[in-house]
Amino acid sequence: MTVTIAPAAPVPITPRLERDRPRRLRASAPLTAQLRAAPLTLTLLVTLWTVGAATGSIGQGPSQHLLEQIGVGLPTLGAGHWWTPVSSLFWCSGLGSYVATTLLLLVIGPAAEERLGAPLSAALLLAGQVFGALLGTGLVRLGIAADLGWTLEIQDQISIGPAIGLFALAAVLSFRLTVLWRRRLRLLVVLVPLVMMLYIGHLQSVQRAAGVLVGIAVGALLQRRRPARPHPVSHTEARVLVALCLVATALGPLIASLYHDAGGPFNTLGDLYFSHVPSADEISLACDDSVRSCARVHSEVRFFDSPGRLMAALVPVLLLVLAEGLRRGLRLAWWITTVTELLWAGVLCWLLVLGYHDFQAGGGTSYLYELIGESLLLPVLMLVLLLVSRRRFDQRLPRRDTRRPAAVIGGTLLLACGAYVGLGRLVRDQYEPTATLGRLVEGLPAELLPPSYSDLLPDHPIAVGGVAQSLEIYCGLVFWAVTLAVLLLAFRRPAVHLDAGDAARARALLVRHGGSTLSFISTWDGNHYWFDEAGEAAVPYRVIATVALTTGDPFGEPAARRRAVGGFARYCDERGWTPCFYSVTPDTRSAAEALGWRSLQVAEDTVVPLPDLAFTGKKWQDIRTSLNKAGRQGITAEWWRYADAPLAVKDQIRSISEEWVSDKGLPEMGFTLGGLAELDDPAVRVLIAVDAERTVHGLTSWMPVYENGEPVGWTLDFMRRRADARGEAAHRPFRGVMEFLIASAALGFKEEGARFLSLSGAPLARSDRGEPPTALQRMLDWTGKALEPVYGFRSLLAFKAKFQPEYRPMYMVYPDPAALASITRAIGKAYLPHLTPTQGVRLMRKLTA
């Protein structure tokens, strides 16, 4: 949903482009335009399908004789077919491979040709294909020399297809993307071949992984400027990356199940991840062993012929649900994932103990250690990743949202177990042997775990009757269906305050009575709320150590706001906290000084009155220039609610924000400075600058300032521009995009009848009012000057001066000067809650540079 603002002559503000074009043509236009600009992609596509059709290879792949002439592998290279690393580029192994390769080529090819150019892309594709194929084949040869079991099984395989070169090209392409997509593409380019190699283990999967290594090495060499340090990752992106790693561990066994000859090192115990139907040979061996083994394997076959077959994918589905919780940064999901990986590692160690004597008797203990060790590596690596990134997962669900799921899951578990044991006892004659209460209880673990775990658990009765078989099929299935659904719903709930009821009450009070220009930040997550006895005023705060740090002024009924200062002070005194009102107006400062408190200016609010606003005169020259330049370049301003914005716009916003965080080299600040999470509020409006190709050049977000239930002003919060403004990207933003956006917003809000626009407070910066500063104020001014190269607060204040604002001081008020040290630490922790020791050292280096 767009929110239109009235256009002024120099401010072209438009809705979506080409509304009247047929939908089908609009959908195909971007792809058609990309292919027209990608001659290499088109040439390779035509060549691939033409050669395949001419040689009859599209259906079932090339004949064995042709494969031995064009494919690359140890047999062909050993036979002296030196051309095969190149010739393998022009064939695929079957129709499915042709389709998958076409899709991969359509995704990577046009992007590579746009960023790298067609000649360089062609050279990289060919080099990646040749060197990736040779390196992968060489690695297999080394594995054979080292007697690695799974490499012995693929020594006679021959591979074809351009996927090796395409993955190498994608790896090089990642070096030319923005930081956000660089990480995502590189992670996907590494994970996909790696998962295929570790779980499927075919020769081509090894060659693809080798191609990625070649691409990364070439991309690093081609990079024109090597960064002195790795770019830091924002919390949102770090969570996404960890979640993607968990998704890879979940999808690996599922992908391997599609291949009848999968034999990767991590697939040796793949049945514990994804259970399989017993094969004819397994059934025959079980029936030759004993009557009971035969009955058990036939029971397992019946299980797979029922809805119970869904239990086979329990572990991967559980990991996918947990990945969604990790993506949202939930501490609960982190704990469950960590426990799951620990249990998995424990199961593998248990297998090592159980099988030791059998393998020792056959002289195969070394093979056992190799088998278990390969599978144990995966949960160990995942545990290390979870522990290293644990601070990223700090979002906690409210108690209500954890108690209810726990009650539902616990109740379902009791019902499932009670039904299995209680009803099973009533139909005990439908089990072989006849079920006793003790045997049914012993069978509960097998009932709740996937079928492949049955052999690892105590012996339990086999269901042979109809009711007993239904209990065996549905008790565990219903429990896990409910559990996974409840977890997914809990994880997908939006992040809420520690007390959602208080948050809703505080927002209603803010909307009804209003507050200062910064009061809307009290609705952000992380705040607690204090209400006076009459419920007429509220104070948002957060407790750090023993300091109760407020988020702006008290808000509510105007007469009650002044009384709230003293009321909140008494509330803190009862709990042994030191109150500190931060970024407050002179009214709150006056109320605090009446209590004997001290004050210190910490920011400068900049307010632009709107009723008489007109960009005329010499002092508005820069603003008019930006507006006119935007019109000449076809730049328009569009209003959006973030939740309603198109996916392409949201993705560009995330990319721009990630680039901004990375360029800083330090974590994104919080507390009174919003980030991406704060955009997703229906009351917040986002203004973006876009060109005719729908490229987002910059954005600003605006928070409402309420009075009597209606917005009377708007406060600037989020402000980002595309980072490649001075770079070499195809879409280079024009200088002055921020001036254009703020001026456009001002004109739009003026038309809507708003009274003022606040450009928000610039922390640690202030205008000179001719007052002699105190020693403490001078120290704060020095701090702002020292932080200028890092966060640029003073430059921000100077930028806002272009809009001829009214300057309004913002203060910090506190009761006891002796508590200033703890207050300072609390404020630093509030602004940089996730500052790591490495980032702290980097910050100190910048400050002392």
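Not measured: the values here are computed from a predicted model.

Engineer: I would appreciate a short explanation of the overall build of the protein in the present structure.
Structural biologist: The secondary structure content of the protein amounts to 32 helices and 14 strands. Counting the 849 residues in the protein, one finds 51% classified as buried. Expressed as a percentage of contacts within the protein between residues at least 6 apart in sequence, the contacts between residues at least 24 apart total 76%. Carbon and sulfur atoms make up 60% of the accessible area of the protein, which totals about 39,300 Å².

Engineer: Sorry if this is basic, but what is going on with the confidence of the model for the protein here?
Structural biologist: Note: predicted coordinates in regions of low pLDDT should not be interpreted at a detailed level. Predicted confidence across the protein gives a mean pLDDT of 80, with 80% of residues reaching 70 or more. Within the protein, the element-level pLDDT minimum falls on helix α1 (residues 23–36), averaging 56, and the maximum on helix α9 (residues 163–173), averaging 93. Low pLDDT (under 50) marks residues 359–367, which in the prediction has six contacts with non-local residues, meaning those over four places away or in another chain. Overall, residues 725–730 carries pLDDT values under 50, and its contacts beyond four positions in sequence, including any with other chains, amount to eight contacts.

Engineer: Help me understand helix α31 (residues 820–831) in this model?
Structural biologist: Along an α-helix, residues three or four positions apart point the same way, because every turn accommodates 3.6 residues. Spanning 12 residues, α31 covers 16 Å between terminal C-alpha atoms, matching the ideal 16 Å at 1.5 Å per step. All buried positions along α31 are accounted for by Leu820, Ile823, Ala826, Ile827, Ala830 and Tyr831. The buried residues of α31 occupy an angular sector of 130° when projected down its axis, which confines them to one face.

Engineer: Just checking my understanding: could you explain the packing of aromatic side chains for this structure?
Structural biologist: Here a ring pair, both rings aromatic, is described through the centre-centre distance and the interplanar angle of the planes. Inspection of every chain in the model, using the stated rule, returns 16 aromatic pairs. Aromatic pair tryptophan 702 and phenylalanine 749: ring centres 5.8 Å apart, planes at 75°, arrangement edge-to-face. Taken together, the positions of tryptophan 702 in strand β11 (residues 696–707) and phenylalanine 749 in helix α28 (residues 737–752) put the pair 47 residues apart, joining distant regions of the chain. Across the pair, exposure class does not vary: tryptophan 702 and phenylalanine 749 are buried alike. Taken together, the aromatic side chains of Trp530, Tyr541, Phe568, Tyr571, Trp577, Phe581 and Trp597 make up a single cluster linked through ring pairs. Its guanidinium or amino end placed over the ring of tryptophan 334, arginine 331 lies 5.3 Å from that ring's centre, counting from NZ or CZ. The side chain of arginine 685 reaches across the aromatic face of tryptophan 639, ending 4.7 Å from its centre.

Engineer: Just to check I follow, could you spell out unusual backbone geometry for this structure?
Structural biologist: Most peptide bonds take the trans form, and the phi angle of most residues other than glycine is negative. Within the chain, serine 583 stands out as a residue other than glycine whose phi angle is a positive 55°. Mapped onto the fold, serine 583 is located in strand β7 (residues 578–584). Even without being glycine, arginine 694 reaches a positive phi, approximately 65°. Tracing the backbone through its elements, the reader meets arginine 694 in the loop between β10 (685–690) and β11. The class for arginine 694 is partly exposed, based on a relative accessible area of 24%.

Calculation rules
Residues numbered from 1 in each chain as written. Predicted model: local features only at pLDDT ≥ 70, side-chain atom pairs only at ≥ 80, totals over all residues. Heavy atoms only, no water. Helix = DSSP H or I, 4+ residues; strand = E, 2+ residues; numbered from the N terminus. Buried < 20%, exposed > 50% of the residue type's maximum accessible area, 1.4 Å probe, protein only. Contact = heavy atoms within 4.5 Å. Areas by Shrake-Rupley, 256 points an atom, 1.4 Å probe, with all protein chains shown as cover. pLDDT = per-residue confidence, 0-100. Expected span 1.5 Å × (residues − 1). Arc of directions from axis to C-beta. Phe/Tyr/Trp six-rings, centres within 6.5 Å; stacked < 30°, edge-to-face > 60°. Lys NZ or Arg CZ within 6 Å of the ring centre and 35° of its normal.

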